[in-house]
Amino acid sequence: MELRVRDVPEMYTEMMILMKMRGKLEPSRNGNVLSLQEPLTVTVDNPRYRINVDPIRRCNPFFHVMEFVWMMSASNTPEWISTFNKRFVEYADEDSGLIHGAYGNRWRSHFDIDQICTVVGMLKQDPTSRRAVLGMWDAQADLGVLRNDLPCNTHIYLRILDGKLEMSVCNRSNDVVWGMTGANAVHMTLLQELMANAIGVEVGKYRVFTNNAHVYVDLPDVAKMLDTTTVHHPTLPVGATHPYIPMPLLSGKETVGEFLQSCENFVSGTTITDNLWVNTVARPMYDLWFDRPDGKAPKGYITRNICDRGWASACRHWLRR
């Protein structure tokens, strides 16, 4: 089964329509699900447009951005990121207190190699390479073990085609609402954009192959989500083809390693970070999360400090709800 969409907000809407039409009710480890009965490939033509402000789904932009930064820091501890999503601690193992399947840790530390930096170097040296693979699944650590969190996304393949970096993600089992079209769509496409910036090419198509796409039917508002037919972008000026121009993750001659170090500094509490995106997008979002009295933002704060128009608009939408 295949689906092709313009961007992530359209991906969400089309997947809700598909799940309602083709999903079959099944039991699962975590409750009843609507599940597709065959594997699915979704192609996203413009993955930089990753922000969904559907009023029923209510994606938390603060969590989505901070999770990406947390991943890039290579962390597998839940304390920092759980500030933005209290349920995150549920994925930590009781014996170690660690998130066993944390993607950023798998990408940068688990296999004793920084896969992100290595793949960037490979594709800069040989743009025709078909050996650029990021691995998350570790058979020795994951197969047949009982853990609170195992990688759902198992491998990422990267290829430069027509001067653009294309990303294909392989997934064993995908929660469509919270994973595929939610957090996964944001942090995977941000990773794709970061690596494209570092290599010096444009961002190409983003593809997801999932062996099992499903929606948990017993969660709040899921019935309303499955009735979704409208695509919601954070800002859509009259006549605009796309809603905003995302701020690049790298600027000038900055390297991917320097970006990753900035994320490590940010998560560790170091006040000095050299990356412009971290300082003018992630940091003001972080500050706003803690500065909002009674859950509301100080008037004018968002547009004055968050330098990415899309994320600023997403924060505004989320706080108003």
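Quick caveat: nothing in here was measured; it's all calculated off a predicted structure.

Notes on empty space enclosed by the protein
In total, this model carries 1 cavity of 30 Å³ or more according to the counting rule given. For the largest cavity, the lining is made up of 14 residues, of which R50, I51, N52, C59 and H64 are closest to its centre. Broken down by secondary-structure element, the contributors of at least two residues to the lining of the largest cavity are α2 (61-72), α6 (176-199) and α11 (309-320). Element by element, the count of residues in the lining of the largest cavity is highest for α6, at 3 residues. Here the lining of the largest cavity is composed, by residue class, of 8 nonpolar, 5 polar and 1 charged.

Considering the packing of aromatic side chains
One pass over the full model with this rule turns up 18 aromatic pairs. Measuring from centroid to centroid gives 6.1 Å for F259 and W277, while their planes differ by 45°, and the two rings are tilted. A residue pair is termed long-range when its members are at least 10 positions apart, and F259 in helix α8 (residues 256-268) and W277 in helix α9 (residues 276-291) qualify at 18 residues. Assigned by exposure class, F259 and W277 land together as buried. Of the aromatic side chains, those joined through ring pairs into one cluster are F62, W80, F84, F266, Y286, W289, F290 and W318.

Some words on the pattern of salt bridges
Per the stated rule, a full pass over the model turns up 14 salt bridges. Residue R87 is joined to E90 by a salt bridge in which the shortest nitrogen-to-oxygen separation is 3.4 Å. Classification of E90 by relative accessible area gives partly exposed; the value is 47%. For R147, the salt bridge identified is with D95, shortest N-O distance 3.8 Å. Taken together, the residues R147 in the loop between α5 (139-142) and β6 (153-161) and D95 in the loop between α2 and α3 (103-110) connect sequence positions 52 residues apart. Judged by its relative accessible area of 65%, D95 is exposed. One continuous salt-bridge network, built from bridges that share partners, spans R48, R50 and E193.

Procedures and definitions
- Residues numbered from 1 in each chain as written.
- Predicted model: local features only at pLDDT ≥ 70, side-chain atom pairs only at ≥ 80, totals over all residues.
- Heavy atoms only, no water.
- 1 Å grid on protein atoms, 1.4 Å probe; cavity = no way out; pocket = protein on both sides within 12 Å on 5 of 7 lines; lining within 4 Å.
- Points joined across faces, edges and corners; volume = space filled by probe spheres on them.
- Helix = DSSP H or I, 4+ residues; strand = E, 2+ residues; numbered from the N terminus.
- Nonpolar A, V, L, I, M, F, W, Y, C, P; charged D, E, K, R; others polar.
- Phe/Tyr/Trp six-rings, centres within 6.5 Å; stacked < 30°, edge-to-face > 60°.
- Buried < 20%, exposed > 50% of the residue type's maximum accessible area, 1.4 Å probe, protein only.
- Salt bridge = Lys/Arg side-chain N within 4 Å of Asp/Glu carboxyl O.

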